[in-house]
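# Tertiary structure, described
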Amino acid sequence: MVHGTHNALEDPRNNNILISINGELFTRSEAKISVFDSGYLVGDGVWEALRLHDGVLVFLEDHLNRLWQSAKTVGMALPFSKEELTTKVWDTLNANKMQDGVHVRIMVTRGIKKTPSQDPRLTISGPNVVIIPEYKTASKASKERGITLFTSTIRRGSPDYLDPRLNCHSKLHEVQALIQAIEAGADEALMLDVNGFVATCNATNFFMVKNNEVWTSTSKYCMNGITRAKVIEVCKANTIVCIEKDFSLFDVYGADEAFVTGTFGGLTPVTKIDGRTIGNGSYGNMTKKLSQLYESLIEETVNYG
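Reference entry: report on the structure contained in this document. The structure presented is a predicted model; accordingly, all values stated were derived computationally and were not measured. (Residues numbered from 1 in each chain as written. Predicted model: local features only at pLDDT ≥ 70, side-chain atom pairs only at ≥ 80, totals over all residues. Heavy atoms only, no water.)

### Thoughts on the packing of helix α2 (residues 60–73) against helix α3 (residues 82–95)
Applied cut-off: Only the stretch in contact is used when fitting a helix axis, every axis being a line fitted to C-alpha atoms; angles between N-to-C directions are given from 0 to 180 degrees. Elements are defined by DSSP. Helices are runs of H or I of four residues or more, strands are runs of E of two residues or more, and each kind is numbered from the N terminus. Here is the rule for handedness: rotate from the far helix to the near one, and if that takes an anticlockwise turn smaller than a right angle the crossing is left-handed, while a clockwise turn gives right-handed. Between two residues, a contact is recorded if the distance between any of their heavy atoms is within 4.5 Å. Any residue outside Ala, Val, Leu, Ile, Met, Phe, Trp, Tyr, Cys, Pro, Asp, Glu, Lys and Arg is labelled polar, Gly included; the first ten of those are nonpolar and the last four are charged.
The contact between α2 and α3 brings their axes to 11 Å, and the two run at 120°. The handedness of the crossing between α2 and α3 comes out as right-handed. Contacts between α2 and α3 involve Leu60, Leu64, Asn65, Leu67 and Trp68 from the former and Lys82, Leu85 and Thr86 from the latter. Each residue belonging to the contact of α2 with α3 can be placed in one class, and the counts come to 5 nonpolar, 2 polar and 1 charged.

Below you can see the structure in the form of structure tokens.
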């Protein structure tokens, strides 16, 4: 099994899932989209991923708001409402008889192009909406073990050319960063911003702990992760000092703990960065506490809406 924050336990039910393409359901082997789709041709699309937990799509409103913001940013007019998209998601989940332990990926591309081109005026249909629900449970063994990071030479983009907050299909620079980390023997990549400060990881948001303070980067050069925001929220609600600030590898190497956040894995401890052991190299107490508080917030959301 590939080790990282997206490690999921094998589930044979995923072999027979139904996938929604523009409202029509297809089996996994039959789910296909045109090679003239904008997402395939030029990475012209936006996406979201969320969790189905005990019959509730957790933090749904936050995810929909981010999807709509991303679409507006790239000039993609969505000809459906948030309520209509939510209905499509539930239609897909209900067709699969899914209620719990599900990861849902929503992908919206600008549509089919007349010919391979960047030009949005050559789009002849769309947008295309694909909804992929899968049974996914994070590996507890992987979480207990933690992950290792390597600092990539690939920088997070500046807001004036590819705003890091944009949740788009164009992820090649993050893939490049991850490849560097893998080739260096690490699990995932730590990425710096254009000024050399710690920004984020290739697919998750980064936090460190020092003297019982929780630090994370400013929101300027990282995707505004929903889980990241919820961790900051639970810190404030529980009088845990959480600071969004610029900090460098100088600070990171001396951290007491470090962890990353994401919709799928929640909070995952980081044990090494660039070969240096972080803290005592184990699942730290603050990380455990915040993980429990985050899971409690999810339960509260499920129980009370």
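Picking up after the structure, the text goes on.
### Thoughts on the packing of helix α6 (residues 226–237) against helix α8 (residues 285–304)
Test applied: What sets the label is the angle itself: under 35 degrees gives roughly parallel, over 145 gives roughly antiparallel, 65 to 115 gives roughly perpendicular, and the rest give oblique.
Look at α6 against α8: their axes get within 10 Å of each other, and the N-to-C directions meet at 105°. Judged on the interaxial angle alone, α8 and α6 are roughly perpendicular. Contacts between α6 and α8 pair Thr227, Lys230, Val231, Glu233, Val234 and Cys235 from the former with Leu290, Leu293, Tyr294 and Leu297 from the latter.

### As for the sheet that holds strand β1 (residues 18–21)
The condition that has to hold: Should DSSP find at least two bridges between two strands, the strands are regarded as paired.
Taken in spatial order, the 6 strands line up as β2-β1-β8-β5-β3-β4 in an open sheet, and their pairing is antiparallel. Unpaired on one side and paired on the other, β2 (24–27) and β4 (56–57) mark the two borders of the sheet. Across 8 bridges, strand β5 (residues 102–109) lies against strand β8 (residues 128–135) in antiparallel orientation. Across the sheet, Val102 pairs through a bridge with Tyr135, a residue of β8. Packing of α3 onto the sheet brings it into contact with β1, β2, β3 (45–53), β4, β5 and β8, and relative to β8 it is tilted by some 40°.

### Quick word on the packing of aromatic side chains
Here is the rule we go by: Aromatic pairing here means that ring centres of Phe, Tyr or Trp (its six-membered ring) are within 6.5 Å. Orientation follows from the plane angle: under 30 degrees is stacked, over 60 is edge-to-face, and everything else is tilted. The cut-offs for exposure are 20% and 50% of the maximum accessible area for each residue type, with area from a 1.4 Å probe on protein chains only; residues under the lower value are buried, those over the upper are exposed, and the others partly exposed. The criterion is that NZ of a Lys, or CZ of an Arg, lies within 6 Å of the ring centre and within 35 degrees of the ring normal, and then a charge sits over that ring.
For the structure on display, the rule yields 5 aromatic pairs. Seen from their ring centres, Trp215 and Phe247 are 5.9 Å apart, and the 55° between their planes marks the pair as tilted. Here Trp215 is found in strand β13 (residues 213–216), whereas its partner Phe247 is found in the loop between β14 (242–244) and α7 (249–253), with 32 residues between them in sequence. Taking the relative accessible area as the measure of exposure, Trp215 reaches 11% and is therefore buried. Through a chain of ring-to-ring contacts, three or more aromatic side chains come together here, namely Phe206, Trp215 and Phe247. Over the ring of Tyr253 we find Arg276, and its NZ or CZ is 4.1 Å from the ring centre.

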